[in-house]
Amino acid sequence: MFGVDLRQVVAGILTLAMFVMLIHMIKRDHFDAVQDKLPGVTDEVSFESGKFDGTHVRKNLGLYKGDADELKACWVKPSDMGVQSEGYVTFSLTNGPEYHISQIADAVIVARSLGATLVIPDIRGSQPGDKRNFEDIYDLDVFMRSMEGVVAVVKNLPDQISTKNIAVVKVPNRVTEDYIATHVEPIYRSKGNIRLATYFPTINMRKAGKKGDTDSVACLAMFGSLELQPEIRDLVDSMVERLKTLSRKTDGQFIAVDLRVEMLDKKGCRPDNDGEKSCYNAQEIAVFLRKIGFNKDTTIYVTESRWDSSLDSLKDLFPKTYTKKAIMPADKKTKFLDSQDSELEKVIDFYISSQSDVFVPAISGLLYANVAGKRIGAGKTQILVPADIQDSSASASNFLSPYVSKKNHFAYSLKTFEEAGNKNGFQFMYSCKSMDVNISYN
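Residues numbered from 1 in each chain as written. Predicted model: local features only at pLDDT ≥ 70, side-chain atom pairs only at ≥ 80, totals over all residues. Heavy atoms only, no water.

An unreviewed UniProt entry lists the protein chain under the name O-fucosyltransferase family protein, from Arachis hypogaea.

Shown next as structure tokens:
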């Protein structure tokens, strides 16, 4: 009844076959692309005669991936602060944010131990007369709220108290209750008010074996009280976003390298008697990163503010290497760069280094130690300590910071707050998943 055209039937069969083939091609291409993005998918590194060919460097997004979860805070503050005295504790924040974190912690511990009122500090720069208010850099409201129930805080000393009559007391970083009782409290009881000056006999931030209320207070002060004021926070966020945009080929992930030429010149970067080094120059950092698997498409932020010719060797292997000047919005450069205000530049470096996907400290020091603490608290544990690698390649996991591989940084005290007790009605509770990192600067 109906005539069938054989040519139409064949054409229909061929069309259906082609449609099925197209579906399989799309499906295969889609999942292959996804697989290329999965962490841990690698190609072998190949270095021939010391020549670095980026096309042979392994693609391993696992290099950017830490093994830790963010330490989630849930502290319960006391209903009162214990017996309060009538005196005040004053102090200044100096030398940059890596010092500020420690200085604020020591001041809070001392004031709480003495039952004294803490006066909001000013911020002093490295140059004479370089002085600014706390709120010029940090969020005052956040700090005041974080201290509620912990220690009494006022913005200024009462007018009737002269700063000339306040006794200056030096305290070591990570001051203990025993030290306060022996060396600080007698002066405070005698004078009524004191001004603290923290000194740093060591930059070690390893956690102590004994845990107590002091550790709990210090952890809150270090990791829960200082936030950038809105303008600076927005600037740092915009620079981080710019770096992520420049890192499309690495899924928006980038490395921050603390590499300051002036500091390297002062240190000399020579091995000590044991053959260990406390700093590495740009060329050594470049070779280190390539040997552990980072390729030429890797985006690198260096803390040197402006380009220096010594950084050329780093850019030769990693063309996407940037300084603050290269990524800062044009309308912010006059205030934050052209003013030669090193204090603001240090703040930017510290917080970008804390937020990067990988942090590499070319210089061992307090910035390394306290950036490590901020990163551990946020679960960003990819902190790689450079070394002179003799072989043509090596696993990045072998160079994980001992602060992370041994879990010995003070920040790891966070997860044991619940064990700290509730001396003076103060209790912290922290929870975090186990950080199982089996790998081997502190």
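Structure's up, so let's keep going.
Draft legend 1. Summary view of the sheet that holds strand β6 (residues 117-119). Spatial strand order, β9-β6-β4-β11-β10: five strands in an open sheet with parallel pairing. The open sheet has two edge strands, β9 (153-154) and β10 (167-172), and neither has a second partner. Inspection of the sheet shows strand β4 (residues 88-90) paired to β6 by two bridges, in the parallel sense. In the sheet register, Y88 faces β6, and the bridge partner there is T117. Its contacts with the sheet place helix α2 (residues 97-114) against β4, β6, β10 and β11 (193-199), and it is angled at close to 145 degrees to β11. (Pairing = 2+ DSSP bridges. Helix = DSSP H or I, 4+ residues; strand = E, 2+ residues; numbered from the N terminus. Contact = heavy atoms within 4.5 Å. Axes fitted to C-alpha atoms, helices over the stretch in contact; angles between N-to-C directions.)

Draft legend 2. Quick look at helix α13 (residues 366-378). Taking 1.5 Å of rise per residue, the 13 residues of α13 would be expected to cover 18 Å, and the 18 Å separating its terminal C-alpha atoms lies within 8% of that figure. Counting buried residues along α13, 11 of its 13 residues qualify, which places the element largely inside the surrounding structure. Those residues of α13 not exposed but buried are L366, L367, Y368, A369, N370, V371, A372, G373, R375, I376 and G377. With its phi angle positive at about 80 degrees, G379 sits one or two positions after the end of α13. (Expected span 1.5 Å × (residues − 1). Buried < 20%, exposed > 50% of the residue type's maximum accessible area, 1.4 Å probe, protein only.)

Draft legend 3. Region of interest: the nonpolar core. Membership of the largest hydrophobic core comes to 109 residues, with the highest contact counts inside it found for L118 and L289. Ranked by residues supplied to this core, first place goes to α2 with nine residues. A domain-level breakdown of this core finds at least three residues from each of domain 1 (88-224) and domain 2 (229-400). Apart from residues lying up to four places away in sequence, L289 is in contact with I255, F294, I300, F318 and V360. (Core = buried A, V, L, I, M, F, W, Y, C linked by side-chain atoms within 4.5 Å. Domains from an automatic or database assignment.)

Draft legend 4. Highlighting the sheet that holds strand β15 (residues 358-361). Reading across the sheet, the four strands line up as β14-β13-β12-β15 and stay open at both edges, with parallel pairing between neighbours. The outermost strands of the open sheet, each flanked by one partner alone, are β14 (321-322) and β15. Where strand β13 (residues 299-302) and β14 come together, two bridges link them in parallel fashion. When the sheet's bridge partners are listed, Y301 is paired in β14 with Y322.

Draft legend 5. Region of interest: the packing of α2 against α13. One can describe the packing of α2 onto α13 by two numbers: an axis separation of 8 Å at closest approach and a directional angle of 65 degrees. Between α2 and α13, the angle falls in the class roughly perpendicular. By crossing handedness, the relation of α2 to α13 is classed as left-handed. Contact with α2, carried on its side by E98, Y99, I101 and S102, involves L366, L367, N370 and K374 of α13 and no other residues of that element. Of the residues that constitute the contact of α2 with α13, the class distribution is four nonpolar, two polar and two charged. (Parallel < 35°, antiparallel > 145°, perpendicular 65-115°, else oblique. Left-handed = near helix turned anticlockwise from the far one by under 90°. Nonpolar A, V, L, I, M, F, W, Y, C, P; charged D, E, K, R; others polar.)

Draft legend 6. Up close: the pattern of salt bridges. All chains considered together, the criterion is met by 13 salt bridges. Here E345 makes a salt bridge to R306, at a shortest N to O gap of 3.3 Å. Note that E345 is positioned in helix α12 (residues 342-355) and R306 in the loop between β13 and α9 (312-317), a separation of 39 residues in sequence. For E345, a relative accessible area of 9% gives the class buried. In this structure, a network of salt bridges that share partners links the residues D122, R124 and K131. (Salt bridge = Lys/Arg side-chain N within 4 Å of Asp/Glu carboxyl O.)

Draft legend 7. Structural context of unusual backbone geometry. Positive phi outside glycine occurs at R174, with the angle close to 60 degrees. Examined against the element boundaries, R174 turns out to sit in the loop between β10 and α4 (177-191). In the Ramachandran plot, K407 falls in the positive-phi region, its phi being about 50 degrees despite a non-glycine side chain. Along the chain, K407 falls in the loop between α14 (402-405) and β16 (430-431).

Draft legend 8. Local environment of the pairing of β10. Across six bridges, the pairing between β10 and β11 is parallel. Bridging across to β11, P172 finds its partner in Y199. Handedness of the crossover joining β10 and β11 through α4 is recorded here as right-handed. (Right-handed = clockwise from strand over helix to strand, strands pointing away.)

Draft legend 9. Region of interest: the side chain of K291. When you line up the elements, K291 lands in helix α8 (residues 282-291). Salt bridges are absent for the buried K291, whose nearest opposite-charge side chain, D391, sits at 7.6 Å. In terms of polar contacts, K291 uses its side chain to reach the backbone carbonyl oxygen of I389, at 2.8 Å. In this structure the side chain of K291 is engaged in a polar contact, spanning 3.1 Å, whose partner is the backbone oxygen of D391. (Lys, Arg positive; Asp, Glu negative; His and termini not counted. Polar contact = N/O pair within 3.5 Å; in protein donor to acceptor, adjacent residues only side chain to side chain.)

Draft legend 10. Quick peek at the packing of aromatic side chains. One pass over the full model with this rule turns up six aromatic pairs. Ring centres of Y99 and F200 lie 4.9 Å apart, and the angle between their planes is 85 degrees; this geometry places the pair in the edge-to-face category. Taken together, the positions of Y99 in helix α2 and F200 in the loop between β11 and α5 (213-224) put the pair 101 residues apart, joining distant regions of the chain. Looking at Y99, the relative accessible area reads 24%, which means it is partly exposed. (Phe/Tyr/Trp six-rings, centres within 6.5 Å; stacked < 30°, edge-to-face > 60°.)

Draft legend 11. How the structure looks around the environment of I363. Secondary-structure assignment places I363 in the loop between β15 and α13. The exposure class assigned to I363 is buried, which follows from its relative accessible area of 2%. Considering only alpha carbons, one finds I363 and L259, 104 residues apart in sequence, at a separation of 6.7 Å.

Draft legend 12. Expanded view of helix α6 (residues 230-245). For α6, spanning 16 residues, the distance from its first C-alpha to its last is 22 Å, which sits close to the expected 22 Å at 1.5 Å a residue. Among all positions in α6, only I232, L235, V236, M239, V240 and L243 are buried. On an axial view of α6, the arc spanned by its buried residues comes to 130 degrees, and they lie on one face. Contact partners of the buried residues in α6: β12 (254-258), β13, β14, α10 (324-327), α11 (333-336) and α12. In this structure Q229 caps α6, since a side-chain oxygen of it lies 2.7 Å from the backbone nitrogen of E231. (Arc of directions from axis to C-beta.)

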